[in-house]
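# A look at the structure
Each chain, written out:
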Amino acid sequence: MTIYYSLTFLLLAAEMVTFCVLVAPLPYAIKKRLFSFLSTSPIVAKIAYGLKISFIFVAILFADALQRMFRVSAESDLAKQGKGSVVNDIRTDTNIAARKFYAQRNVYLTGFCLFLSLVLTRTFYIILDLIHVQEEYAKLKKTGASGDESAEIAALKKELEKAKKNEQILKRQASQNNAEYNRLATELNDLSGNKSNKKSD
């Protein structure tokens with residue numbers, strides 16, 4: 001394996017280790033410190049910038065390896081069909097098979113390196129957002145008692161206002177009922193008085 005593919009393999013191994021560290025079930029305090037360091041450290045930012053440049057070269061290697069794999073696959077198909085200038089013997093078949101294997105290995109190596117870089121980036125930002133959400137939840141939980149108390153006070157005020165309105169309505173109804181009762185009593189007295197007067201006459 002050439003030196004640039006060896007470096008690509010080392011980069012892939014480093015990505016795998018980093019991914020295992022990111023998804024490891026670490027305590028919240030350690031994970032918070034780790035991700036705050038990774039997201040704010042200028043050294044990590046410079047390393048990330050260098051890795052972005054290296055991933056550009058890995059993408060070029062991936063395109064080159066993909067092109068070679070297609071070319072070797074086409075030569076292998078021609079050799080199997082007995083076409084072209086390729087002579088069918090054991091050495092030629094072994095050579096084509098080895099070239100095909102190396103081309104496929106290089107494609108898989110560079111492809112997985114690029115794919116894992118995308119997965120790492122997305123996983124990092126998802127976990128970072130999760131930590132921020134947990135911090136906000138902890139803040140809301142601390143201020144939750146006062147918030148609940150204010151909510152309860154507001155609910156009690158609404159109930160008190162409703163009770164006052166009901167009391168006023170009841171007073172108004174009571175006064176209306178009292179006035180109606182007095183009117184009916186007066187009419188009854190007037191009727192009974194008239195009847196007694198007629199009897200006395």
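Here's what I pulled together on the structure shown here. (Residues numbered from 1 in each chain as written. Predicted model: local features only at pLDDT ≥ 70, side-chain atom pairs only at ≥ 80, totals over all residues. Heavy atoms only, no water.)

## Digging into the overall build of the protein chain
Across its full length, the protein chain carries 5 helices and 0 strands. When its helices and strands are written in sequence order, the protein chain yields α-α-α-α-α. By the burial criterion, 17% of the 201 residues in the protein chain qualify as buried. Element-wise, carbon and sulfur atoms account for 65% of the exposed surface of the protein chain, whose accessible area totals about 15,600 Å². (Helix = DSSP H or I, 4+ residues; strand = E, 2+ residues; numbered from the N terminus. Buried < 20%, exposed > 50% of the residue type's maximum accessible area, 1.4 Å probe, protein only. Areas by Shrake-Rupley, 256 points an atom, 1.4 Å probe, with all protein chains shown as cover.)

## Some thoughts on the nonpolar core
Residues Tyr 5, Leu 11, Leu 12, Phe 55, Val 58 and Cys 113 are the most contacted members of the largest nonpolar core, which totals 14 residues. Residue assignment for this core shows that the elements contributing at least two residues are helix H1 (3-23), helix H3 (42-81) and helix H4 (90-142). Element by element, the count of residues in this core is highest for H4, at 6 residues. Contacts of Tyr 5, omitting those with residues within four sequence positions, involve Leu 61, Asp 64, Ala 65, Asn 106, Leu 109 and Thr 110. Core analysis: the second largest hydrophobic core is formed by 7 residues, Leu 120, Phe 124, Ile 127 and Ile 131 among them. (Core = buried A, V, L, I, M, F, W, Y, C linked by side-chain atoms within 4.5 Å. Contact = heavy atoms within 4.5 Å.)

## Side note on the packing of aromatic side chains
Applying the stated rule across the entire model yields 4 aromatic pairs. Each ring, one from Phe 35 and one from Phe 124, has its centre 5.3 Å from the other, and the planes form 20°; the classification is stacked. On the criterion of sequence distance, the pair formed by Phe 35 in helix H2 (residues 28-40) and Phe 124 in helix H4 is long-range, its members being 89 residues apart. We classify Phe 35 as buried; its relative accessible area is 1%. Measuring from centroid to centroid gives 5.6 Å for Phe 101 and Tyr 102, while their planes differ by 55°, and the two rings are tilted. Among the residues examined, Tyr 102 registers a relative accessible area of 44% and is labelled partly exposed. (Phe/Tyr/Trp six-rings, centres within 6.5 Å; stacked < 30°, edge-to-face > 60°.)

## Quick notes on a nonpolar patch on the surface
A grouping of Ile 3, Tyr 4, Leu 7, Phe 9 and Leu 10 is seen on the molecular surface, where their side chains present a nonpolar patch of about 550 Å² in accessible area. Along the chain, Tyr 4 turns up in helix H1. (Patch = residues over 30% accessible without salt bridge, like charges linked within 9 Å, V, L, I, M, F, W, Y side chains within 5 Å. Salt bridge = Lys/Arg side-chain N within 4 Å of Asp/Glu carboxyl O.)

## Things to note about the side chain of Ser 73
Looking at the element boundaries, Ser 73 is found in helix H3. In terms of polar contacts, Ser 73 uses its side chain to reach the backbone carbonyl oxygen of Met 69, at 2.8 Å. (Polar contact = N/O pair within 3.5 Å; in protein donor to acceptor, adjacent residues only side chain to side chain.)

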